[in-house]
Amino acid sequence: MSFHPNLIKKSVNTVSKKWLGYTVAFLFATGAFFSGFQLGHGGVLANNQSANIFSFFTSSEPAEASSSRPDLGEFWKVWDLLEQKYVIGTATTSVTDEERISGAIAGLVDSYGDPYTVYFPPVEAAAFDENISGNFSGVGMEVGLRDSMVVVIAPLVGTPAEKAGVLAGDVIVKINGTSTKDMRIDEAVSLIRGEKGTVVNLQIYREGEKDFLDIPVTRDTIDIPTVKTEKIGDSYIISIYSFNAIAEEQTANALKSFKESGAKNLVIDLRGNPGGFLQSAVGIASYFLPTGKVVVQEKFGGDIKDEVFRSLGRQIKEFTPKNLVVLMDKGSASASEILAGALKDHGVATIIGTQSFGKGSVQELVKLNDASVKITVARWYTPNGTSISQSGLTPDILINRTPANRVANEDPQKDAAIKFLKGQKVESETADGSETIE
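Note that this is a predicted model, so its numbers are computed, not measured. (Residues numbered from 1 in each chain as written. Predicted model: local features only at pLDDT ≥ 70, side-chain atom pairs only at ≥ 80, totals over all residues. Heavy atoms only, no water.)

Chemist: Tell me about the confidence of the model for the protein chain, residues and numbers included.
Modeler: Across the protein chain, pLDDT averages 81, with 79% of residues at or above 70. Here residues 52–58 is modelled with pLDDT under 50, and outside its nearest four sequence neighbours on either side it reaches 55 contacts, counting other chains as well. When the criterion is pLDDT under 50, residues 431–438 qualifies, and its contacts beyond four places in sequence or with other chains add up to 18 contacts. (pLDDT = per-residue confidence, 0-100. Contact = heavy atoms within 4.5 Å.)

Chemist: Give a detailed account of the packing of helix α8 (residues 247–261) against helix α9 (residues 278–285), specifying residues and quantitative values.
Modeler: For the pair α8 and α9, the least separation of the axes is 9 Å and the interaxial angle reads 20°. Classed by the angle they form, the pair α8 and α9 counts as roughly parallel. Handedness of the α8/α9 crossing: right-handed. Taking contact as the criterion, the partners of A247, E248 and T251 in α8 are, on α9, Q279, S280, G283 and I284. The class makeup of the residues in the contact of α8 with α9 is two nonpolar, four polar and one charged. (Axes fitted to C-alpha atoms, helices over the stretch in contact; angles between N-to-C directions. Helix = DSSP H or I, 4+ residues; strand = E, 2+ residues; numbered from the N terminus. Parallel < 35°, antiparallel > 145°, perpendicular 65-115°, else oblique. Left-handed = near helix turned anticlockwise from the far one by under 90°. Nonpolar A, V, L, I, M, F, W, Y, C, P; charged D, E, K, R; others polar.)

Chemist: A description of the pattern of salt bridges should follow, citing residues and the corresponding values.
Modeler: Enumeration according to the criterion identifies nine salt bridges in this entry. A salt bridge links R100 to E83, with the shortest nitrogen-to-oxygen separation between them at 3.2 Å. Placement of the pair is R100 in helix α4 (residues 97–110) and E83 in helix α3 (residues 73–85), with a sequence separation of 17 residues. The salt bridge involving E248 is made with R314; its shortest N-O contact spans 2.2 Å. Separated by 66 residues along the polypeptide, E248 in helix α8 and R314 in the loop between β16 (307–310) and β17 (324–328) bring together distant segments of the chain. One continuous salt-bridge network, built from bridges that share partners, spans E83, D97 and R100. (Salt bridge = Lys/Arg side-chain N within 4 Å of Asp/Glu carboxyl O.)

Chemist: Explain the sheet that holds strand β18 (residues 350–353) to me, using residue names and the numbers behind them.
Modeler: The strands making up a sheet associate through backbone hydrogen bonding, with each pair oriented either parallel or antiparallel. Pairing is mixed across the open sheet formed by six strands, whose spatial order is β11-β12-β13-β17-β18-β21. Since the sheet does not close on itself, it has two edges, and those belong to β11 (227–232) and β21 (397–398), each with one partner. Relative to strand β13 (residues 265–269), strand β12 (residues 235–240) runs parallel, the two being bridged by five bridges. Bridge pairing links S239 to D269 in β13. Where helix α13 (residues 412–421) meets the sheet, it contacts β11, β12, β13, β17, β18 and β21, and its direction lies at approximately 170° from that of β17. (Pairing = 2+ DSSP bridges.)

Written out as structure tokens, the structure reads:
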């Protein structure tokens, strides 16, 4: 099945009105990002919790049997009917019992309608284990599924994908000539992944372009910076690209440089940041919030007690929405949303940019012999009770950054932040017109 540019545009425009669930994968090539995962025994209450697009904790504990079982009579009836009546075609082979059972389990998991609750048969489970170990080369971009299309969430800074010209929002139509229509995200990842130095050819649909774009990307080892700083006038900008194990320390150093710089205002740039350690988000939030203030609420189901994570009270100064801006976009997820949500809810920062990604859930990876299943076991809520999972966070001032802006190296979101911090009027882009924010 192939795509037509007009049909893709219609689908993208329709979906843009309402964000759908994403299944997301990262094509990284180092273990730096994946150090955010807690692997081994322990389940969801392990010490090194992580809060990123693929937040999860592994467990090998057997699941307890339910006290009440549904009637599976109809299941076995269909099983027998297929076995008795199905005629194998010339292009098909017989289906083994193991394949049918695997398919039934996958269907059961899919019935929950959660893109982060996934069953991995043995082959896919092995590939997923390889993914989270970081033992592969990639192109350095976040990809997800939107309306059955493989979409680039964001190319990561300084990576082959960014250097090749891939932009956030690009729809990947083909990978090395193979159509991605109705392709599972793990299939897309396996096609994009490959040996360092080899090339993957991406056919891209980009809004505003009449024709498809063919972009070759050379795979490489990915080295992503954690924190970067710059000073523009009286404003100091700290860009945090990942909430990894060294993010808190590097952010603390950046904040020290901010105080020494003499700048009056601060910008925390979380755009394109997929997340990382939950502890990093809590620790960094503690530089802005008094002791004991709620940073994030973690809500479980069943009889498991909810958790509340609070500020450690390391404030470097008192910030207000007039002198602190947080930049976010649809590539800001999980730990980024936790930090932005905490600063927004406690009234110490103004959020500028676009709607965040909306990844506010925690997954547990359970091993099943050679297979595995990843299950959503908890969800994140901001201090005021906003569910991060539902639709992400809404900025105080909506400012878009278009593909044309990126190609031209223009940054209206950062420009708006600097203008706002100077005390000038900034117009928030809304569906029903512009609202002036002072």
